[in-house]
Every structure is written in structure tokens, then in C-alpha cells.
Amino acid sequence: MNANKMLWEKGDFTRLAETMRESGAALVAKLGITPGLNVLDLGCGDGTTALPAARLGANVQGVDIASNLVAAGNARVQAEGLTNITFREGDAIDLHDIADETFDLVVSVFGAMFAPKPFDVAREMFRVTRPGGRIVMGNWIPGDPTLVAQILKVSSAYTPAPPEGFISPMLWGVEDNVKERFIAAGALEENISFSRETFTFEAPYPAATFLDTFRKYYGPTMNAFEAAQKNDTEADLQRELEVLFESHNQSTDKTKTSIPATFLKVTVLR
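Residues numbered from 1 in each chain as written. Predicted model: local features only at pLDDT ≥ 70, side-chain atom pairs only at ≥ 80, totals over all residues. Heavy atoms only, no water.

## Here we look at empty space enclosed by the protein
Now for step 1: Scanning the entire structure with this criterion turns up 2 cavities of 30 Å³ or more.
Now for step 2: Quantified by volume, the largest cavity comes out at close to 470 Å³.
Now for step 3: Residue lining of the largest cavity: 34 residues in total, with F13, G43, V109, F110 and G111 positioned closest to the centre.
Now for step 4: Of all the secondary structure elements, the ones that give two or more residues to the lining of the largest cavity are α1 (3-10), α2 (14-17), β1 (38-42), β2 (59-64) and β6 (192-203).
Now for step 5: Put simply, the parts of the chain that give the lining of the second largest cavity at least two residues each are β1 and α4 (50-55).
Now for step 6: Per-class residue counts for the lining of the second largest cavity are 7 nonpolar, 1 polar and 1 charged. (1 Å grid on protein atoms, 1.4 Å probe; cavity = no way out; pocket = protein on both sides within 12 Å on 5 of 7 lines; lining within 4 Å. Points joined across faces, edges and corners; volume = space filled by probe spheres on them. Helix = DSSP H or I, 4+ residues; strand = E, 2+ residues; numbered from the N terminus. Nonpolar A, V, L, I, M, F, W, Y, C, P; charged D, E, K, R; others polar.)

## A few points about the layout of surface pockets
Now for step 1: There is about 1200 Å³ of room inside the largest pocket.
Now for step 2: Along its surface, the largest pocket is lined by 35 residues, and L7, P162, F166, P220 and N223 are the ones closest to its centre.
Now for step 3: Secondary structure elements with two or more residues in the lining of the largest pocket: α1, α7 (147-156) and α10 (219-230).

## Topic: the nonpolar core
Now for step 1: Counting 87 residues, the largest nonpolar core has W140, F182 and F245 as its most contacted members.
Now for step 2: Beyond its immediate stretch of four places on either side in the chain, W140 contacts F110, M113, F114, V148, M170, G173, F199, F201, A261, T262 and F263. (Core = buried A, V, L, I, M, F, W, Y, C linked by side-chain atoms within 4.5 Å. Buried < 20%, exposed > 50% of the residue type's maximum accessible area, 1.4 Å probe, protein only. Contact = heavy atoms within 4.5 Å.)

## What about the environment of S23?
Now for step 1: Its location among the elements puts S23 in helix α3 (residues 21-29).
Now for step 2: Its relative accessible area of 13% is what places S23 among the buried residues.
Now for step 3: Setting aside residues up to four positions removed in sequence, S23 forms contacts with F199 and T200.

## Comments concerning unusual backbone geometry
Now for step 1: Here the phi dihedral of F110 falls at roughly 55°; this positive angle occurs in a residue that is not glycine.
Now for step 2: Along the chain, F110 falls in the loop between β4 (103-109) and α6 (118-127).
Now for step 3: Judged by relative accessible area, which is 12%, F110 ranks as buried.
Now for step 4: For D232, which is not glycine, the phi dihedral falls at a positive 60°.
Now for step 5: Looking at the element boundaries, D232 is found in the loop between α10 and α11 (234-248).

## Focus: α6
Structurally, the α-helix is built with 3.6 residues per turn, so residues lying three or four positions apart point the same way.
Now for step 1: Listed as buried for α6 are P118, V121, A122, E124, M125 and F126.
Now for step 2: Those residues of α6 hidden inside the fold are in contact with β1, β4, β5 (129-140), α8 (175-185) and β7 (257-269).

## Remarks on the environment of A184
Now for step 1: With respect to the helices, strands and loops of the structure, A184 is situated in helix α8.
Now for step 2: Under the relative-accessibility criterion, A184 is labelled exposed at 59%.
Now for step 3: A184 sits 64 residues away from D120 along the chain, and the two C-alpha atoms are 9.7 Å apart.

## Things to note about the environment of N249
Now for step 1: Structurally, N249 is set in the loop between α11 and β7.
Now for step 2: For the pair N249 and I141, spaced 108 residues apart in sequence, the C-alpha to C-alpha distance is 19 Å.
Now for step 3: Among all residues touching N249, those that are not within four sequence positions of it are A207, K254, K256, T257, S258 and I259.

## Quick look at the sheet that holds strand β3 (residues 85-89)
Now for step 1: Read from one edge of the open sheet, 7 strands run β3-β2-β1-β4-β5-β7-β6, paired in mixed fashion. With partners counted over all chains shown, the strands left at the sheet margins are β3 and β6, one partner each. Going across the sheet, the axis of each strand differs from the next one's by a mean of 20°, ignoring polarity.
Now for step 2: Relative to β5, β4 is paired through 6 bridges, and the arrangement is parallel. (Pairing = 2+ DSSP bridges. Axes fitted to C-alpha atoms, helices over the stretch in contact; angles between N-to-C directions.)

Here it is, written out as C-alpha cells:
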């Protein structure tokens, strides 16, 4: 079975996505989406950015490798009664059933960066974007001091070394790597731009509960705890993450969580 598919079907990312709705909608609001725009949301999860795009009138196709997230996205669409958006399973490294130059805008926020073959991802995103269209990615940044990069850094210290040939998804947060991948796909360097922006996790419960959500439902963190348990270091991992989550929580009401995280916003003009 596809290891990436197994990872994202392992937990239930919808539990985390519930804390990402406000920032997802705010990000989409700045993309200049107009009614009738054809949008692909790649690695869409249950629709944190896809649904806001559809609400603005775009024709949206959400693609994700995890069947449970596709089902959750379609359930949200049905609940809202939207008719201009669909979700389906697919792999960011091979969008063979999507024709060339189909979309005006291709979006992937913390999604396609986790696919295992980054040059294939860039090629496919570029291929399905029409001339004059745009690609917009949101990618976590390696070594960044804010939450998600630190969760992944801490977790990696407790998990076995990755297999030979593994390419870290965090390299999508390095500008030179992003340029190399999209230039290989056919983009001009002057058409690739970057900015650092903030995504805030908002939850109506304390930071300790937010950590518990990661532990129970986020595939990479689940794997870290499973490995730590085998090595009798589970308590150490728990303590490190507790300090991390508590120190990053900016909510003045400690019964709630508000944690900002910095990401690299990538824009590629086709």
C-alpha cells in the first residue's frame, strides 16, 4: 500500500483541521478568487481552503490521497449545499486523469509538500495550470522556531531514520529547492516569488488538549509516540511537546489555544 496514503489515513486530520478554519479562509480571501475561476486544491484534506474558495464562487476540485478526508470533505460540501465543488482521491505525484492546462489556480496548503517525489509534484502542478494561471503553495519551513516545524523536529528525534532516498517534505520550505523544482517543471525563475506568512491554530480548549489532538489524530505525531513507546522514551517526548505547546500558546484565556505558525507562501506564475 502507498506509504503516504497510509500515513494520512492513519489518524483523523479533520480534528486538527477544525482549528485551522479561520486562517484557511483568511489565506483564500487574499488570493483574488472571482466567480467562475477554475481551482484545484491539491492535498485538500477536508476542505480548509477548498470550501472558502467555493464560497467565493470558484469552481473547485479538491484532491487528496486519504479516502477518509475526501469523504469528510464531500460531507461538508453536502451539508453546505454547495454545487461548485467536488472532492476525490488522487495523488499529487501523478494527476494522470487531469488534462493539461485545466486550472486557473492550483492551491496546496500544507498538502502536496508531504508527497514523496517533489519534482513530480512540481511538474504535475505546473502541467495542469493554464498559461496565465497561478500556483500557490503554503509550506512549513525547516528549523523555523514556530509550532509545526518544531513538532516535526522534536518528533523526528524519536522515530527511526527514514529509508534511503527519503526527501524531507520540509525542503518545500527552502526557497532554492522550490525554485529548482518549478524551474525543472518549466517555470521561469522570475515568475516564482515568496513571502513568509502566519497561520494561526485556534481551539476552544487548552494547549494540553491541543497536544492530545496531535497525539491521537496527526499521523506523524502518532508515529513518533509509537516509536517512543517501543524505546521507553514516551514520557520524554510527551514532556518536550507539552513545553512546546504551552510556550507557544498566545491565548490570554488558558482554557483556549491560539498558536501562530510561520509558513513559506510560494507563488508561481504559469
